[in-house]
Amino acid sequence: MTTVPSTDERLRTVDEARAAVLDAISGPVATEIAFLSEALGRVVAEPVVARTSLPPWDNSAMDGYAVRATDTIGATEDSPVRLEVVGEVSAGSAPDVEVPRGGAVRIATGAPIPPNADAVVQIELTTPLGADGQPAGPRGRDASGPMPPAVLVHASIERGAAVRRAGSDLAGGTTILQPGQTLTAAAIGLAAGAGIDQLPVHRRPRVAVLATGDEVRAPGRDLGPAGIPDANGPGLMALVEAAGGHAVTLGIARDRLEDVHSRLSAALADGADAVVVSGGVSVGPYDVVKLAFEKIGRIDLWRVAVQPGKPFAFGTAEREDGSRMLLFGLPGNPVSSFVTFELFVRPAIRALAGHPADRVLRPTDRAVLGEAVSKGHGRRAFIRVVAERDEAGSPIRDDRGRVNVRLAGGASGQGSHVLSALALADALAVVPEADDELPAGADVELWWLDRD
Ligand code: AMP
Ligand code: MG
């Protein structure tokens, strides 16, 4: 008694379908304040301003002696100048002594420059002297040994040498992070260095994942005569997390409208930003996902000229507060669900997470096919390929900069159910709609996949 939804049945191109998905997103998800420890990979929501200058005060770039540069004029290797050591300043303590004319203060890397010093002479250019005025140890003796009463300086030191000026890295009040910027490890280090421990970021989009199918069993369950392990649930959960979303499982539904609908309702009530359902999207008698989508919201598109990836359904459901949950119905075949996730769901998660439009899709590359391929007429095919690499792991490119690729799992690896080949692939090669087949040596667009 399955009826085909009364949706526009025109076959959409991949680009039209992706545009329809992205159009349904009115903007990034809400902002929250995150500790730096939770911020990696998230997107900055508001400008972030440095709370301190960096360094906060003039400090030493070397272990050595803080001096007045003029006191060292004319010093050479064989004709050093003698300076009296009047005190010491270590990292983390404020100087309690000034540098008098003809004097020096022993200083550690990162310690504040004491008053009246304008340069640091590194320990390697000094010889410690004993109370008797004779060398008390070799040149450049360990900077942490007993403090000598005087030192010889064997070079003429320029003003400002080995001094890191306050604010030379960063002036307090400077905007250090802009909205839309991804928080990399370096950006987190920068924020911490600028005295910041919490940041305004977009929260992670909450994405619910539902597997469907009477034959689909949770990992570890007995398969019986006709069961298969659930590959899509765990695989899609991982894809959601890798895309920057927060994945929430809805388990495995039976091929029953009520079961699918009640799980979708739970996700809607839970505030999910999107739900990703695998299986049950075709028009067979047990394919209830489209009906469930129509019951909880509406279907916006469901016929896309992509291979693998037929069928694919996209819709939206609305909450009473007007907020929306995106509905993705992906094919049950694991490779198809993976590829359609790449093409349509990952960009949506990244747009929801606040990435700017030019960072929503993966950067593309060019490749040369190692083998001939053929595919369905009129569809854009995404072939799973492995790049040839050199010993350092870098892709091998031809003289036009194109990566040499081979079919993952060989010629028999391209079936939409062949998980073993998918797991080998490190990129998708794109075969355009107009080409029913391409010869070995053909030039194709390449989408790199996550490898780590
Ligand atoms: P369907 O789209 O429901 O017609 O499923 C297409 C194929 O994918 C069938 O062979 C299913 O058994 C298989 N399949 C569906 N869901 C899963 C899943 N979660 N894990 C592994 N295979 C699945
Ligand atoms: Mg099914």
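In this convention, every chain numbers its residues from 1, walking through the sequence in written order. Here the convention is simple: chains get letters from A, ligands get numbers from 1, in the order in which they are written. For this predicted model, a pLDDT threshold of at least 70 governs which residues receive local features, and a threshold of 80 or more governs which side-chain atom pairs are given and counted, while totals over whole chains, interfaces and linings are taken from all residues. Excluded from the side-chain calculation are hydrogens and water; included are all heavy atoms of the structure.

## Section: the sheet that holds strand 8 (residues 126-129)
Adjacent strands of a sheet pair through backbone hydrogen bonds, lying either parallel or antiparallel. Taken together, the 6 strands give an open sheet; going across it, the order is 7-4-6-5-9-8, and neighbouring strands pair in mixed fashion. Only two strands of the sheet have a single neighbouring strand rather than two, namely strand 7 (119-122) and strand 8. Geometrically, the sheet is characterised by an average inter-axis angle of 40 degrees between neighbouring strands, direction not taken into account. For strand 5 (residues 81-89) and strand 6 (residues 103-107), the ladder comprises 5 bridges, and the chain directions are parallel. The residue bridging Val89 from the neighbouring strand is Ile107, located in strand 6. By this definition, two strands are paired if DSSP reports at least two bridges between them. Counting from the N terminus, the helices are the DSSP runs of H or I reaching at least four residues and the strands are the DSSP runs of E reaching at least two. Whenever a helix is involved, its axis is fitted only over the stretch in contact; in every case the axis is a line through C-alpha atoms, and angles between N-to-C directions fall within 0 to 180 degrees.

## So, the sheet that holds strand 16 (residues 246-253)
Taking strand neighbours across the sheet as the criterion, the 6 strands line up as 16-13-17-21-20-18 in an open arrangement whose pairing is mixed. A single partner strand is all that each edge strand has here, and the edge strands are strand 16 and strand 18 (298-301). With direction set aside, neighbouring strand axes in the sheet form an average angle of 25 degrees. The contact criterion used is simple: two residues touch if any of their non-hydrogen atoms lie within 4.5 Å. Against the sheet, helix 4 (residues 257-269) touches strand 13 (206-212), strand 16, strand 17 (274-278), strand 20 (313-318) and strand 21 (324-330), its axis set at about 160 degrees to strand 16. Most of the contacts of helix 6 (residues 334-352) go to strand 21, to which it runs at about 165 degrees, and overall it touches strand 13, strand 17 and strand 21.

## Brief notes about the environment of Val368
Mapped onto the elements of the fold, Val368 is located in strand 22 (residues 364-369). For Val368 and Asp443, which are 75 residues apart along the polypeptide, the C-alpha to C-alpha distance reads 4.7 Å. Residue contacts for Val368: discarding those within four places in its chain leaves Asp398, Arg402, Val403, Asn404, Val405, Gly441 and Ala442.

## Quick word on the nonpolar core
As used in this record, nonpolar core signifies buried Ala, Val, Leu, Ile, Met, Phe, Trp, Tyr and Cys residues forming a set joined through side-chain atoms within 4.5 Å. Relative accessible area decides the class of each residue, using a 1.4 Å probe on protein chains only: under 20% of the type maximum gives buried, over 50% gives exposed, and in between gives partly exposed. With 41 residues, the main nonpolar core has Leu326, Phe328, Phe341 and Phe382 as its most contacted residues. By residue number, the principal contributor to this core is helix 6, which donates 11 residues. If you count residues domain by domain, this core takes at least three from each of domain 1 (6-30 + 204-359) and domain 4 (364-448). Each residue touching Phe382, except ones within four places of it in the same chain, is listed here: Val14, Val306, Gln307, Pro308, Val339, Leu343, Leu428, Ala429, Val430 and Trp447. An automatic or database domain assignment is the source of the domain bounds shown.

## Regarding the domain arrangement of the chain
Each assigned domain of the chain is listed here: domain 1 (6-30 + 204-359), domain 2 (46-55 + 171-202), domain 3 (59-164) and domain 4 (364-448). Centre-to-centre separation of domain 2 and domain 4, based on C-alpha positions: 40 Å.

## A few points about the site of ligand 1
We call a residue near a molecule or strand whenever a single non-hydrogen atom of that residue lies within 4 Å of it. In the vicinity of ligand 1 there are 14 residues, among which Glu215, Asp230, Ala231, Gly280 and Gly332 approach most closely. Two N or O atoms form a polar contact when they lie within 3.5 Å of each other; inside protein one atom must be a possible hydrogen donor and the other a possible acceptor, and for residues adjacent in sequence the pair counts only when both atoms belong to side chains. Within the backbone of Asn232, one N or O atom sits 3.4 Å away from a nitrogen atom of ligand 1. Between an oxygen atom of ligand 1 and a main-chain N or O atom of Asn333, the distance comes to 3.1 Å. The Shrake-Rupley method, run with a 1.4 Å probe, gives the accessible areas here. Residue values count only the displayed protein chains as cover. With the chains in place, 76% of the 490 Å² that ligand 1 exposes on its own is no longer accessible.

## What about helix 3 (residues 232-242)?
Within helix 3, burial applies to Asn232, Gly233, Leu236, Leu239 and Val240. The buried residues of helix 3 occupy an angular sector of 130 degrees when the element is viewed end-on, so they sit on one face. Where helix 3 is buried, its residues touch strand 13, strand 16, strand 17, strand 21 and helix 6. Phi turns positive one or two residues past the end of helix 3, at Gly244, with a value near 100 degrees. Taken from the helix axis, the directions to the C-beta atoms give the arc we talk about.

## Re the layout of surface pockets
Taken as a whole, the largest pocket encloses approximately 430 Å³ of empty space. Lining the largest pocket are 24 residues, and of these Gly235, Leu239, Phe338, Leu422 and Leu449 lie nearest its centre. Breaking the lining of the largest pocket down by element, the ones donating at least two residues are helix 3, helix 6 and helix 7 (419-424). The residue makeup of the lining of the largest pocket, split by class, is 15 nonpolar, 3 polar and 6 charged. Two domains each provide a minimum of three residues to the lining of the largest pocket, namely domain 1 (6-30 + 204-359) and domain 4 (364-448). A cavity here means a set of points on a 1 Å grid, drawn over the protein atoms and nothing else, where a 1.4 Å probe fits but cannot get out; a pocket is an open set with protein on both sides within 12 Å along at least five of seven lines, and a residue lines either one if it has an atom within 4 Å of a point. Grid points are joined across faces, edges and corners, and a volume is the space filled by probe spheres set on the points. Empty space within the second largest pocket amounts to approximately 330 Å³. Together, 18 residues line the second largest pocket, and Glu215, Val216, Ile228, Asn232 and Gly332 are the ones closest to its centre. Side-chain classes are defined by residue name, with Ala, Val, Leu, Ile, Met, Phe, Trp, Tyr, Cys and Pro counting as nonpolar, Asp, Glu, Lys and Arg as charged, and the others, Gly among them, as polar.

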